[in-house]
Structures are given as structure tokens and as C-alpha cells.
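The primary structure of each chain is shown beneath.
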Amino acid sequence: MARHWRLALMVFAAILLFGPGQAEAQQRPPGFGLGIIAGEPSGLSFKYWIDGRNAVDGALAWSFVDEGAFHVHADYLWHVRDVVEVESEAFPLYFGVGGRIKTSDDTRAGVRVPLGIDYMFRGAPVNVFFELVPLLDLTPKTEFKFNAAIGGRYFFGG
């Protein structure tokens, strides 16, 4: 159990150390997006851009792992642009920290550390994403797991 806490603390320290120094002179992305997430979990996904680099995302979804259960999560995300470019198109990488609750006979609550790649279509208020999410359930017992999903959202205004 102590190793899990050390790993979570190291990831959080890296986020604090490397996240704030990446100033972006980018156009503000669209404000609020709503769409789907498919994988683990699968359901309704949202994302709200705070500025050109920071966002909050989450999902109201169904988890098909183990006994299957309702899953809700929310994350604070930092985006790093200009890392992956293909023919002048940027695919921002993102990382963050958040929490999740998975309801079942033994409701679970834990910490998420999403790592992903995002693509906003040029000229269209639509994005697609792929993410891998290490997570540490803290209740009812400490357990380390992974989630992975793809998804897309339509953005309203900006």
C-alpha cells in the first residue's frame, strides 16, 4: 500500500513541477463539450475548457469490469501542445488528477491520473480523444487498476 501512495505522490509532484511552466499563446478553445466515452467506462462525457491549456472533464458512465456498476469521475487536466504534430496539425497531450466513484455492492472511491491525447478538428467544434488512466481505489480497500477509453465531444460556444 505504501508503494501506491509513493507513486501517486510522485505523479502529483511531476504535474506540479512540469505543468505550470508551459505558457501557451494559443487561441482559446471552445467552452463546453458534451459527447461519449467508450471503453472502461462507457457513457456520457463532458469537458469544460478553463483557458487554452487547462480543462475539467468527467463522465457519467457504466463500468463493465468486475460486477458492472455506475461510474462517475471528474478530472483537472493540463494540456501540452506542440509535442505531437502531423502535417502542421497538433495533437495535444494531456495529464491530470481527479477522482472517481463506482457504485456497486461495495461502492469504490479512488484517485485517477489520466494521461491522454486530444484532437480538435480544424474548423469544426468537435474533438476526439484517447486516454489511459491509472487509478487507485481507496475504499472499501486499496487497489491499483487501469482504465482506458476513446471518445468524442461536440463543443458549444467558446
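Notes on the structure in this doc start here.

**Some details on the pattern of salt bridges**
Next up, step 1: What the rule picks out here adds up to 5 salt bridges.
Next up, step 2: Between Lys-47 and Asp-118 there is a salt bridge, with the nearest N and O atoms lying 2.8 Å from each other. Within this pair, whereas Lys-47 is found in strand E2 (residues 42-49), its partner Asp-118 is found in strand E9 (residues 115-120), the two being separated by 71 residues in sequence. A single burial state applies to Lys-47 and to Asp-118, both of which are buried.
Next up, step 3: The salt bridge partner of Asp-57 is Arg-153, with a shortest N-O separation of 3.8 Å. Of this pair, Asp-57 sits in strand E3 (residues 54-63) while Arg-153 sits in strand E11 (residues 143-156); the two residues are 96 residues apart in sequence, bridging distant segments of the chain. Like Asp-57, the residue Arg-153 is buried in the burial classification.

**Quick notes on the pairing of E9**
Next up, step 1: Summarising the sheet, strand E7 (residues 93-103) and E9 pair through 3 bridges and their orientation is antiparallel. Considered in E9, the bridge of Leu-93 is made with Ile-117.
Next up, step 2: Pairing of E9 with strand E10 (residues 126-139), which is carried by 6 bridges, proceeds in the antiparallel orientation. By the bridge assignment, Gly-116 is partnered in E10 with Glu-131.
Next up, step 3: Linkage of E9 to E10, two consecutive antiparallel strands, is achieved through a turn of 5 residues, within which Gly-123 is found at a positive phi near 80°.

**Considerations on the nonpolar core**
Next up, step 1: One finds Ile-37, Ala-59, Ala-61, Leu-77, Tyr-94, Phe-129 and Ala-149 forming the largest nonpolar core, which totals 7 residues.
Next up, step 2: Not counting the four nearest positions on each side in its chain, Tyr-94 is found in contact with Leu-77, Trp-78, His-79, Pro-114, Leu-115, Gly-116, Ile-117, Asp-118, Phe-129, Phe-130 and Glu-131.

**Notes on the environment of Ser-104**
Next up, step 1: One can find Ser-104 in the loop between E7 and strand E8 (108-112).
Next up, step 2: Setting aside chain neighbours within four positions, we find Ser-104 in contact with Glu-67 and Ala-69.
Next up, step 3: Among the polar contacts listed, one links the side chain of Ser-104 to the side chain of Asp-106, at a separation of 3.1 Å.

**What to know about the side chain of Glu-40**
Next up, step 1: Positionally, Glu-40 belongs in strand E1 (residues 32-40).
Next up, step 2: For Glu-40, the side chain forms a polar contact with the side chain of Ser-63, separated by 2.4 Å.
Next up, step 3: When near neighbours in sequence (up to four residues on either side) are disregarded, Glu-40 contacts Ser-63, Phe-64, Val-65, Asn-147, Ala-148 and Ala-149.

**Quick look at unusual backbone geometry**
Next up, step 1: Look at the link from Glu-40 to Pro-41: it is a cis peptide, with omega at 5°.
Next up, step 2: For Pro-41, the position within the fold is in the loop between E1 and E2.
Next up, step 3: Following Thr-139, the chain continues to Pro-140 via a peptide bond in cis, the omega torsion being 0°.
Next up, step 4: Tracing the chain through its elements places Pro-140 in the loop between E10 and E11.

Definitions and cut-offs
Residues numbered from 1 in each chain as written. Predicted model: local features only at pLDDT ≥ 70, side-chain atom pairs only at ≥ 80, totals over all residues. Heavy atoms only, no water. Salt bridge = Lys/Arg side-chain N within 4 Å of Asp/Glu carboxyl O. Helix = DSSP H or I, 4+ residues; strand = E, 2+ residues; numbered from the N terminus. Buried < 20%, exposed > 50% of the residue type's maximum accessible area, 1.4 Å probe, protein only. Pairing = 2+ DSSP bridges. Core = buried A, V, L, I, M, F, W, Y, C linked by side-chain atoms within 4.5 Å. Contact = heavy atoms within 4.5 Å. Polar contact = N/O pair within 3.5 Å; in protein donor to acceptor, adjacent residues only side chain to side chain.

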